[in-house]
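Geometric and topological summary
The residues making up each chain are set out below.
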Amino acid sequence: QVQLVESGGGLVQAGGSLRLSCAASGRTFSRYTMGWLRQAPGKEREFVAAISRSGGSTYYADSVKGRFTISRSNAKNTVYLQMNSLKPEDTAVYYCAQSERGWGPRLQGYEYDYWGQGTQVTVSS
């Protein structure tokens, strides 16, 4: 079965950086759009970034554009989220997710079919 395992979360001061990784297994990774979504306490889950199967197309939420970078290595079955200039409002549980739909770029949670367990990112002011 499909497994997505996130890592790289933690506590960082405002202005700092973190790199999240998500290792996928269970089927051919390069066939699927990948995304990162997050959920802060008391808030609804929101889209962060998505990347197409080849990595040639990416899409970002306005709130992270210019600060976050999504990338993937199909050779390593891994998707990454480089987060720079972090702000306290970036504090959330970050989930990687895999979509069986083609590039769209898939902004909604229901468009993703498999999810990781999440990794906590906390940004202190």
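This structure is a prediction, so every number in the text was calculated from the model and none was measured.

Ordered in space as β1-β3-β8-β7, the four strands form an open sheet in which the pairing is antiparallel. Where the open sheet ends on each side, the last strands, each with one partner, are β1 (3–7) and β7 (68–73). If you compare each strand with its neighbour and ignore which way they point, the axes differ by 15 degrees on average. Of the strand pairs in this sheet, β1 and strand β3 (residues 18–25) are connected by five bridges, and their pairing is antiparallel. Pairing of Gln3 across the sheet is with Ser25, part of β3.

Within the fold, Arg38 resides in strand β4 (residues 33–39). Within polar-contact distance, the side chain of Arg38 engages the side chain of Glu46 at 2.6 Å. One polar contact links Arg38 to Asp90, side chain to side chain, over a distance of 3.0 Å. With residues up to four places along the chain from it excluded, the contact list for Arg38 reads Glu44, Arg45, Glu46, Val48, Ser63, Val64, Phe68, Glu89, Asp90, Ala92, Val93 and Tyr94.

What the rule picks out here adds up to seven salt bridges. Here Arg67 and Asp90 are joined by a salt bridge, their closest N and O atoms 2.7 Å apart. Here the residue Arg67 occupies a position in the loop between β6 (58–60) and β7, and Asp90 occupies one in the loop between β8 (78–83) and β9 (92–99), the gap between them amounting to 23 residues. With relative accessibility at 11%, the residue Arg67 sits in the buried group. Given a relative accessible area of 0%, Asp90 falls into the buried group. Arg106 is paired through a salt bridge with Glu111; the nearest N and O atoms lie 2.9 Å apart. Given the relative accessible area of 18%, Arg106 is considered buried. By relative accessible area, which is 11% here, Glu111 ends up buried. Here the salt bridges share partners, and the residues they tie into one network are Arg38, Glu46, Arg67 and Asp90.

Reading the values: the criteria
- Residues numbered from 1 in each chain as written.
- Predicted model: local features only at pLDDT ≥ 70, side-chain atom pairs only at ≥ 80, totals over all residues.
- Heavy atoms only, no water.
- Pairing = 2+ DSSP bridges.
- Helix = DSSP H or I, 4+ residues; strand = E, 2+ residues; numbered from the N terminus.
- Axes fitted to C-alpha atoms, helices over the stretch in contact; angles between N-to-C directions.
- Polar contact = N/O pair within 3.5 Å; in protein donor to acceptor, adjacent residues only side chain to side chain.
- Contact = heavy atoms within 4.5 Å.
- Salt bridge = Lys/Arg side-chain N within 4 Å of Asp/Glu carboxyl O.
- Buried < 20%, exposed > 50% of the residue type's maximum accessible area, 1.4 Å probe, protein only.

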